[in-house]
Amino acid sequence: MQQNIVIMALNLNKNLKLYYSISEVAKMFGVNESTLRYWEQEFSFLKPKTTGLSKARQYTEKDIEHVRLIYNMVKVRGFKISAAKKLINANRKGVDKKADVISSLINIRTELQAMKKQLDYLQ
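The paragraphs below set out a description of the structure included in this document. Values in this document were obtained by computation on a predicted structure and should not be read as measured data.

### Brief notes about helix H2 (residues 22-29)
Of all the residues in H2, the buried ones are Ile22, Val25, Ala26 and Phe29. Buried residues of H2, viewed axially, fall in a sector of 100°; they line one side. Those residues of H2 that are buried are in contact with helix H3 (33-42), strand E2 (56-58) and helix H4 (61-76). In the stretch just after H2, Gly30 is the one whose phi turns positive, near 70°.

### Regarding the pattern of salt bridges
For the structure on display, the rule yields five salt bridges. Put simply, Glu40 and Arg57 hold a salt bridge, and the shortest N to O gap is 2.8 Å. Of this pair, Glu40 sits in helix H3 while Arg57 is found in strand E2, placing the two residues 17 residues apart along the sequence. For Glu42, the salt bridge is made with Lys85, and the minimal N-O distance between the two is 3.1 Å. One end of the pair, Glu42, is in helix H3; the other, Lys85, is in helix H5 (residues 81-90), with 43 residues separating them in the sequence. You can call Glu42 partly exposed: its relative accessible area is 24%.

The rules behind each value
Residues numbered from 1 in each chain as written. Predicted model: local features only at pLDDT ≥ 70, side-chain atom pairs only at ≥ 80, totals over all residues. Heavy atoms only, no water. Buried < 20%, exposed > 50% of the residue type's maximum accessible area, 1.4 Å probe, protein only. Helix = DSSP H or I, 4+ residues; strand = E, 2+ residues; numbered from the N terminus. Arc of directions from axis to C-beta. Contact = heavy atoms within 4.5 Å. Salt bridge = Lys/Arg side-chain N within 4 Å of Asp/Glu carboxyl O.

Structure, rendered in structure tokens:
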């Protein structure tokens, strides 16, 4: 019973932030803000909320997942915008799954590299 309480209380994946600015999202992916604005024009499913007179963009977690998908297709896998749009429209679930797998593999590689550095330091 005590184990269940610990698991429920320890939710490290929960993100308390609801909205991210365009500059924060651009920094997450290492792209320019203009790139994100261009992707918004090209991919109809990427529509962050805009607020105020300045039309400041507010990206949700779902919007960030859309950016991750586009980033994976265009920057990681090297697809042209038109090919990425065609592939996403034809097989959205399959593309999402591949993007998730690649993202997981990149995270695993980063963790393994950090472990290797720690082991090298100990020797």
